[in-house]
Amino acid sequence: MRSGGVAILVHHSLNSRTVTINSTIGPDEASEFLVIELCIKPQPLILYVCYMSMFDPCIAAKHYHHVKVIVEKYRNHKIIVLGDFNLHDINWSLDDDDENAYIPYAPTDRNINGNRSCYQTDALDFLDKMLSLPLSQLSNFRNNALNVLDLVFVNDSNAVNVTRDRYTIIEQEQQDARHIPYEIMMDYDTEFVQRGVCDCFPVCKRDVDAAYEFFVQTMKSLIEQNVPKKTIRKYSNKPKWWSAELQRLKNRRNKLFKRKSETDVGSLDEYEAAYNEFNKESDRRSNEHNIRVQENIKSNPAEFWKFAKLKGGTEKYPDVMNYGDRVGTSTEEIVDMFADYFESLYVPDAENCNFDERYIPINGAEDINLSLFDIEAAIHSLDPKGGAGPDEIKPFVMKVCASAVAWPVWLLYQKSFDSGKIATAAKTAFDKVVIMLLIIKFARFKIGKKTARWLWQYLIGRTNFVQIGKSKSRLYESPSGVPPGSSLGPLMFTVFIDDLVDVVRFAHMLLFADDMKLASIITGMRQIVFNSTTTNATYSAHTVANQVLSNYTMGNHVVERVEEITDLGVRCNKWYHPGHHIEHMTMKARQMVGCIKHFSNGNFTKETQRILYMAYVRSRLEYASTIWNPSAQVYIDDIESIQKQFVISGKPDQCDDLQTSTVRRSM
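It should be emphasised that the depicted structure is a prediction, and the values quoted were computed from it without experimental measurement.

Caption draft 1: Region of interest: the overall build of the protein. A tally of regular secondary structure across the protein gives 19 helices and 24 strands. Within the protein, the fraction of its 667 residues that count as buried is 37%. When the accessible surface of the protein is summed, it comes to about 41,000 Å², and 52% of that surface belongs to carbon and sulfur atoms.

Caption draft 2: Local environment of the nonpolar core. By size, the foremost hydrophobic cluster in this structure holds 34 residues, and its most contacted members are F85, L87, I90 and M130. Elements represented by at least two residues in this core include exactly β3 (45-52), α1 (57-73), β4 (78-84), α2 (118-131) and β8 (150-154). Discounting chain neighbours no more than four positions away, the residues touching I90 are P104, Y105, A106, Y119, A123, L124 and L127. Counting 28 residues, the second largest nonpolar core, distinct from the first, contains V434, A443, F493 and V495.

Caption draft 3: Examining unusual backbone geometry more closely. Cis geometry is found at the peptide bond from L133 to P134, where omega equals 5°. Within the secondary structure layout, P134 lies in the loop between α2 and β7 (136-137). The backbone of N86 shows a phi angle near 55°, a positive value even though the residue is not glycine. Mapped onto the elements of the fold, N86 is located in the loop between β4 and β5 (91-95). A relative accessible area of 17% means that N86 is categorised as buried. Even without a glycine there, the phi angle at A624 is positive, about 55°. Within the secondary structure, A624 sits in the loop between α17 (606-622) and α18 (625-628).

Caption draft 4: Seen up close, the pattern of salt bridges. A complete count under the given rule lists 14 salt bridges for this structure. The salt bridge partner of R610 is E607, with a shortest N-O separation of 2.9 Å. A residue pair is termed a helical-turn pair when its members lie 3 or 4 positions apart in one helix, as R610 and E607 do in helix α17 at three residues. A network of salt bridges, in which partner residues are shared, links E281, R284, R285 and E288.

Caption draft 5: Inspection of a nonpolar patch on the surface at higher detail. A cluster of nonpolar residues, F512, L568 and Y623, forms a patch on the protein surface that exposes about 330 Å² of accessible area. Structurally, the position occupied by F512 is in strand β17 (residues 509-512). A relative accessible area of 54% means that F512 is categorised as exposed.

Caption draft 6: Main features of the confidence of the model for the protein. For the protein, per-residue confidence averages 77 on the pLDDT scale, and residues scoring 70 or more make up 82% of the total. Within the model, the stretch residues 192-201 combines pLDDT values under 50 with 21 contacts to residues more than four positions away or in other chains. In the model, residues 652-667 has pLDDT below 50 throughout and makes 33 contacts with residues more than four positions away in sequence or in other chains.

Caption draft 7: Broad picture of the environment of V208. Inspection of the secondary structure puts V208 in helix α4 (residues 208-226). On a C-alpha basis, the gap between V208 and S416 in space is 6.1 Å, while along the polypeptide they are 208 residues apart. Not counting residues up to four positions away in its chain, the partners in contact with V208 are K415, S416, S419, K421, I422 and A423.

Caption draft 8: Expanded view of the pairing of strand β6 (residues 98-105). Sheet topology note: the β5/β6 ladder contains five bridges and is antiparallel. If you follow D95 over to β6, its bridge partner there is D98. In sequence, β5 turns back onto β6 through a hairpin of two residues.

Caption draft 9: Region of interest: helix α16 (residues 579-600). Between its terminal C-alpha atoms α16 stretches 31 Å, which fits the 32 Å expected from 22 residues at 1.5 Å a residue. Within the span of α16, buried status applies to G579, H581, I582, M585, T586, A589, M592, V593, I596 and S600. Take α16 and look down its axis: the buried residues cluster within an arc of 150°, on one side only.

Caption draft 10: Representation of α4 within the structure. End to end, α4 covers 27 Å across 19 residues, agreeing with the expected 27 Å (1.5 Å per residue, within 8%). Inspection of α4 places V208, A211, Y212, F215, V216 and M219 among the buried residues, and these make up the whole buried set. The buried residues of α4 occupy an angular sector of 130° when projected down its axis, which confines them to one face. Structural note: α4 exposes E224 and Q225 on the side pointing more than 90 degrees away from its buried face. Lining the buried residues of α4 we find α11 (395-400) and α12 (402-419).

Conventions adopted
- Residues numbered from 1 in each chain as written.
- Predicted model: local features only at pLDDT ≥ 70, side-chain atom pairs only at ≥ 80, totals over all residues.
- Heavy atoms only, no water.
- Helix = DSSP H or I, 4+ residues; strand = E, 2+ residues; numbered from the N terminus.
- Buried < 20%, exposed > 50% of the residue type's maximum accessible area, 1.4 Å probe, protein only.
- Areas by Shrake-Rupley, 256 points an atom, 1.4 Å probe, with all protein chains shown as cover.
- Core = buried A, V, L, I, M, F, W, Y, C linked by side-chain atoms within 4.5 Å.
- Contact = heavy atoms within 4.5 Å.
- Salt bridge = Lys/Arg side-chain N within 4 Å of Asp/Glu carboxyl O.
- Patch = residues over 30% accessible without salt bridge, like charges linked within 9 Å, V, L, I, M, F, W, Y side chains within 5 Å.
- pLDDT = per-residue confidence, 0-100.
- Pairing = 2+ DSSP bridges.
- Expected span 1.5 Å × (residues − 1).
- Arc of directions from axis to C-beta.

Now the structure itself:
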């Protein structure tokens, strides 16, 4: 019998290598496979070619696991899995969701009462697993027995075109009637980056700043041309429970009001009936809406607070601002004064920013590698309700257009990462972190040089502005610190202070995030800059005789001595007595009870009141209770009175099931 095998021939001009896979396919099993990687730009290619002399579900399962490993490991590669899978009696139809791909189906066997054979079940199970990786199958070339034996699975169906042999790769007399020769076409010429990509999205031939500007302006232009604008209707302030039926009743009521006559009793009765009908329907819909909003308080809290109007306050900005000897009376002056104040908080780096001198690589350092899938996943994770950044592109637009913008965003990232530069316009975001010292610590954490350089670029040359309404201040630079509100900011700050405990001598140190407490003298702080105005000194002693009354200084500033401190939300005096904390905590809890009572006004359901109590009152009463648990009865009674106040304030039928809870001393 004629058999087959696997061979891959690669042109000498292409850089390729064999990919080794730990396989359990034995030499006695009638199957072969070969995997290679073509290192070509802009996206490398993995070729997995296999041959099975006959379909065996066990061997097919092993090939599936091979491919699964490849798909998971080479996420930023193009992947093509092809070869003779020897699947007979399997039909293929066009995929409705992908015009280039096919999906399998198997006709039922009439000889076994319309059921599929075991072979067909195994074959479809294997194909379902392959297509779920996810891969698309592009071949539907039937041989002389009307079977499709040679399959082509790809992870990007739009980038691959499968056709019959058009250039006579195999002469007609040499072709096997059971296997039709075909070509797989991809746009992978040597000038692909400059010619292919740049023609449709010319970011490759530009520097980082120009490429970023081109992307932003292109996106804004496309949004302006294609995103429909929402028209604000004149009467769009109707309540959410409003409906067409309610509008009809209102119109009827208004018409009858104009027609009614004091001398015509019938018209008065008709108007009164329409008036009552409208009010009844309006009240019914309003009550249903209020109950529905309260029932969804957990899934949609924003809608509830909008309904309850618990936020209160005003959105009006102050008209006058004083800063030093300056007085600002307009928003333009006020934003610039804010900019001056924030700029004064930064501490300039005393040394020149020379990355190559500061970064000293060590063994085992690794660079990050973001694939196209990572970029697309990050775009999908955006909050569609979030505000636009400095580029003024809404997250909602980016998320909806993720499949279209992921590729250009990935190109921008690759250009930025490879060149070690970040577009200046993308760095418009207060910690007093010395940037060059942070670069040294990047190396100690085994962060690769390219990644460290990219992070360094992320930190330096950053500009900020203050905005109030439509007024923006001047741009000012932040020569130190990490960008506030960024995802990388807290991580970088943690890296910076990670070795803080190693440089403190002759002192006991407690460190939680950026909150630090020392019990003795500091000998060195590695250029950590403290805010002397928020640094306090306190003491604790059993007797007055043991109290230390010496003054501590930070530079020329005398550290203020205080009788009480707040540690992670718990007030503590020098005797470590919880009395003042309990008084402050119960006062805040009573204020919240009053706030809930005010906005409830008897309209909140029992469940809504319970949720609000648990979230805003009981949470305060229980926070860190193991630290300040009272022993005096006066404090226990004070805490219990808060819950009693809340229960008594509700309607009788709403208070039956409210859970009672007290904070007592642990037994």
